[in-house]
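Chain residues, written in single-letter form:
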Amino acid sequence: MSNTYPPSLQLHIDGEWIDVEDRDVHHVVNPSTGKTISDLPKASKADLDRALDAAKRAFPIWRDTPVAARAAILHKAADLMRERAPEIGRMMTAEQGKPVGQATGEVTASAAMFDVMAEEAKRCYGRVLVRPTGQNSFVKYQPVGPVAAFSPWNFPVYTPARKLAPALAAGCSIILKPAEETPASPIEMIRCLLDAGLPAGTAQVVFGDPSEVSSHLIASDIIRKISFTGSVPVGRHLMKLATENMQRTTMELGGHAPVLVFDDCDLDKALDLLAMQKYRNAGQVCVSPTRFYVQSGIYEKFANEFTKRAEKVQVGDGFGDNIDMGPLANPRRPEAMEKLISDAKAKGATVRLGGEAMDSDGYFYRPTVLTDVPLQADIMSNEPFGPVAAMRPFDTLDEAIEQANRLPLGLAAYAFTNSLRTANIVGDMVEAGMVAINNLTVSPGDAPFGGVKQSGHGSEDGPDGLKAYMVTKAIHQS
Ligand code: NAD
């Protein structure tokens, strides 16, 4: 099935698909086999300048297209994505590794994001401030201008979709630089938009050396908005670049999600949900449940039962039958896991399950459970971005909240309790952009998604996600 992957890929600039020709090449690797499957052209500086110029020309045309016409194109693109989801999903599995069912589901969820934003844009109302007769003030929301968006490899289609959909719905043109490691599936999403009738230059896709592409695009005052999903250090670097031209930024920079499991919870439900979600996408998820704080009375039982469930996770090539978890996406991840786990072991943590790479040419890592992990272990502070659950006991609600808030990160947080009082206090007191209580749904598409503290700023998704691509203007008339 993986043979549907295109042997060479293209950039899309100014309405034209562009081949490698004499450009530098990035080799795309299948993480299940470690083998090169395709060649990707890297954009030259001249290519990027051409994309900037096209984004500038496309912006006023798209901005002045009536919102209903823009929405119709986005809905049509969503239909095409659903139609092509099986094929796009297979490309994603070949380049990223996740099981093909999850990859296809990601494409249909991304299609839904275009539907959500198409409708949100129709309802982005301004206001009239009524003054004495003949005088009014109007508040209007206008598209911010051409956007540069940078997305990572863990959700190759959904993360770019939550940037493309609101930017286009708002009336902006956008240059997208997805991760070089996972290029084909986001390219296919751009193709759906073009086939749905999006005008040339409105959505373009480039690849290259990430730092060269971002510094070149952000240095241009054509770009009025930067959206980035990735690590804290890169987000910090891009924000510094954006200060020069004072571009607006949305930064989604990962987290280290605490899970507070109270002894009054529905334990089976908590275990089933957490053991399934922890190993989804091999834990390479910015909202993955990671630091498990379990109340002392149920700690041993929770650790044993969680481990039994984790043992059943089927690891293998994402094209295989009944596979729950594929490989890690690139060779950097197993290396990072090795380091964190040997550090935790050396500092006294117990490895209940896994804790090592699998013998393979691909980047497979065993589902891992660590218990009694000391706070000094690096894994309790550094996002592991891998298939590992790190557990510790706690006694009181105050202690649980203190632990949840001890890091400078605050993206997602989870709690399981049947006490309404505990749920209310956790919801209010835990420092995170999203708190899910008795469930793990923090990314429904129509609710704000984003972090606090060093996890970044600005919300994606829903009406807040659309507003992130608009500026507010006041017009005073007499
Ligand atoms: P990284 O920070 O080098 O890369 C993350 C993403 O940012 C990649 O897609 C990369 O192409 C892009 N990138 C890197 N430098 C860039 C630059 N100067 N300009 C524009 N884009 C740039 O790290 P990595 O090795 O891919 O992953 C390391 C850590 O990053 C992970 O362990 C995880 O903590 C975090 N991460 C978070 C997310 C997320 O969804 N928030 C996604 C991927 C990685």
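Residues numbered from 1 in each chain as written. Predicted model: local features only at pLDDT ≥ 70, side-chain atom pairs only at ≥ 80, totals over all residues. Heavy atoms only, no water.

Looking at an unreviewed UniProt entry, one finds the protein chain named NAD-dependent succinate-semialdehyde dehydrogenase and attributed to Parasphingorhabdus cellanae. UniProt's Sequence similarities (unreviewed entry) comment on the protein chain is quoted here verbatim: "Belongs to the aldehyde dehydrogenase family." (UniProt positions renumbered as here; feature names shortened; annotations may be inferred.)

(A) Just the overall build of the protein chain, in detail. Each helix and strand in the protein chain was counted, giving 13 helices and 22 strands. Its C-alpha atoms give the protein chain a radius of gyration of 23 Å, near enough to 23 Å, the size a compact globule of 478 residues would have. Viewed in the frame of its principal axes, the protein chain has a C-alpha envelope of about 70 × 65 × 40 Å. Counting the 478 residues in the protein chain, one finds 56% classified as buried. Across the protein chain, contacts joining residues at least 24 apart in sequence account for 73% of those joining residues at least 6 apart. When the accessible area of the protein chain is evaluated, it comes to approximately 18700 Å², of which 50% is carbon and sulfur surface. Considering the protein chain, the positive charge centre built from 49 side chains and the negative charge centre built from 58 side chains are found 6 Å apart. (Helix = DSSP H or I, 4+ residues; strand = E, 2+ residues; numbered from the N terminus. Rg over C-alpha atoms; globule rule 2.2 N^0.38 Å. Buried < 20%, exposed > 50% of the residue type's maximum accessible area, 1.4 Å probe, protein only. Contact = heavy atoms within 4.5 Å. Areas by Shrake-Rupley, 256 points an atom, 1.4 Å probe, with all protein chains shown as cover. Lys, Arg positive; Asp, Glu negative; His and termini not counted. Charge placed at Lys NZ, Arg CZ, Asp CG, Glu CD.)

(B) Here's a closer look at unusual backbone geometry. Even without a glycine there, the phi angle at Phe385 is positive, about 50 degrees. Within the fold, Phe385 resides in the loop between strand S15 (368-371) and strand S16 (388-394). Accessibility expressed as a relative area gives 14% for Phe385, which makes it buried. Phi is positive for Asn438, which is not a glycine, with a value near 65 degrees. Relative to the elements of secondary structure, Asn438 occurs in the loop between strand S19 (434-437) and strand S20 (452-453). In this structure Asn438 comes out as partly exposed when scored by relative accessible area, which is 23%.

(C) A look at helix H3 (residues 100-122). The end-to-end C-alpha distance of H3, which contains 23 residues, comes to 34 Å, matching closely the 33 Å that a straight helix rising 1.5 Å per residue would cover. Lining the buried residues of H3 we find helix H2 (67-96), helix H4 (158-170), helix H5 (184-195) and helix H13 (462-467). (Expected span 1.5 Å × (residues − 1).)

(D) Here's a closer look at the site of the ligand. Near the ligand you find 25 residues, and of these Trp153, Ser214, Ser231, Arg332 and Glu383 are the closest. In this structure, a nitrogen atom belonging to the ligand sits 3.5 Å away from a main-chain N or O atom of Gly230. Look at the ligand: alone it shows 790 Å² of surface, and the protein chains cover 85% of it. Going through the elements one at a time, helix H6 (210-218), strand S10 (225-229), helix H7 (232-245) and helix H10 (332-346) are the ones with two or more residues in the shell around the ligand. (Near = heavy atom within 4 Å. Polar contact = N/O pair within 3.5 Å; in protein donor to acceptor, adjacent residues only side chain to side chain.)

(E) Representation of the side chain of Thr249 within the structure. Inspection of the secondary structure assignment puts Thr249 in strand S11 (residues 248-252). What makes Thr249 buried here is its relative accessible area of 18%. For Thr249, the residues in contact, after removing those within four places along its chain, are Lys225, Ile226, Met239, Ala242 and His457.

(F) Region of the structure containing the sheet that holds strand S22 (residues 470-477). Read across the open sheet, the 3 strands follow the order S5-S6-S22; overall the sheet is antiparallel. Looking at the sheet topology across the chains shown, the edges are occupied by strand S5 (127-130) and S22. Averaged over neighbouring strand pairs, the angle between their axes works out to 20 degrees when direction is ignored. The sheet contact formed by strand S6 (residues 136-143) and S22 spans 8 bridges and is antiparallel. Residue pairing in the sheet places Pro143 in a bridge with Met470 of S22. (Pairing = 2+ DSSP bridges. Axes fitted to C-alpha atoms, helices over the stretch in contact; angles between N-to-C directions.)

(G) Layout of the sheet that holds strand S12 (residues 257-261). Ordered by their spatial adjacency, 7 strands build an open sheet running S14-S15-S16-S13-S12-S18-S19, and the pairing between neighbours is mixed. One side of each edge strand has no neighbouring strand; the edge strands of this open sheet are strand S14 (350-353) and S19. Shown here is a sheet whose adjacent strand axes are inclined to one another by a mean of 20 degrees, direction ignored.

(H) Up close: the pairing of S16. In terms of burial, S16 is largely enclosed, as 5 of its 7 residues are buried. Of the pairings in the sheet, the one linking strand S13 (residues 289-295) to S16 comprises 5 bridges and is parallel in character. Bridge pairing in S16 places Tyr293 opposite Arg392. The pairing of S15 with S16 spans 3 bridges and is classified as parallel. Note on S16: the bridge partner recorded for Thr368 is Val388.

(I) Structural detail: the packing of aromatic side chains. Evaluated as defined, the whole model comprises 6 aromatic pairs. Judged by centre distance (6.2 Å) and plane angle (45 degrees), the ring pair of Tyr279 and Phe306 falls under tilted. Separated by 27 residues along the polypeptide, Tyr279 in the loop between helix H8 (267-278) and S13 and Phe306 in helix H9 (residues 296-311) bring together distant segments of the chain. Look at Tyr279 and you get buried, because its relative accessible area is 2%. Accessibility expressed as a relative area gives 0% for Phe306, which makes it buried. Members of the aromatic cluster, each reached through a chain of ring pairs, are Tyr279, Phe292, Phe302 and Phe306. Of note, Arg162 hangs over the ring of Phe449, and the distance from its end group to the ring centre comes to 3.9 Å. (Phe/Tyr/Trp six-rings, centres within 6.5 Å; stacked < 30°, edge-to-face > 60°. Lys NZ or Arg CZ within 6 Å of the ring centre and 35° of its normal.)

(J) View of the pattern of salt bridges. Under the counting rule described, the total for this entry stands at 27 salt bridges. In this structure, Lys122 and Glu119 form a salt bridge, with 2.9 Å as the shortest nitrogen-oxygen distance. You can see Lys122 and its partner Glu119 sitting in helix H3, 3 residues apart, about one turn around the helix. By relative accessible area, Glu119 is classed as partly exposed at 24%. A salt bridge links Arg162 to Asp461, with the shortest nitrogen-to-oxygen separation between them at 2.8 Å. Taken together, the positions of Arg162 in helix H4 and Asp461 in the loop between strand S21 (456-457) and H13 put the pair 299 residues apart, joining distant regions of the chain. Residue classification places Asp461 among the buried positions, given a relative accessible area of 0%. One network of salt bridges, with partners in common, ties together Asp14, Glu16, Arg50, Asp53 and Arg57. (Salt bridge = Lys/Arg side-chain N within 4 Å of Asp/Glu carboxyl O.)

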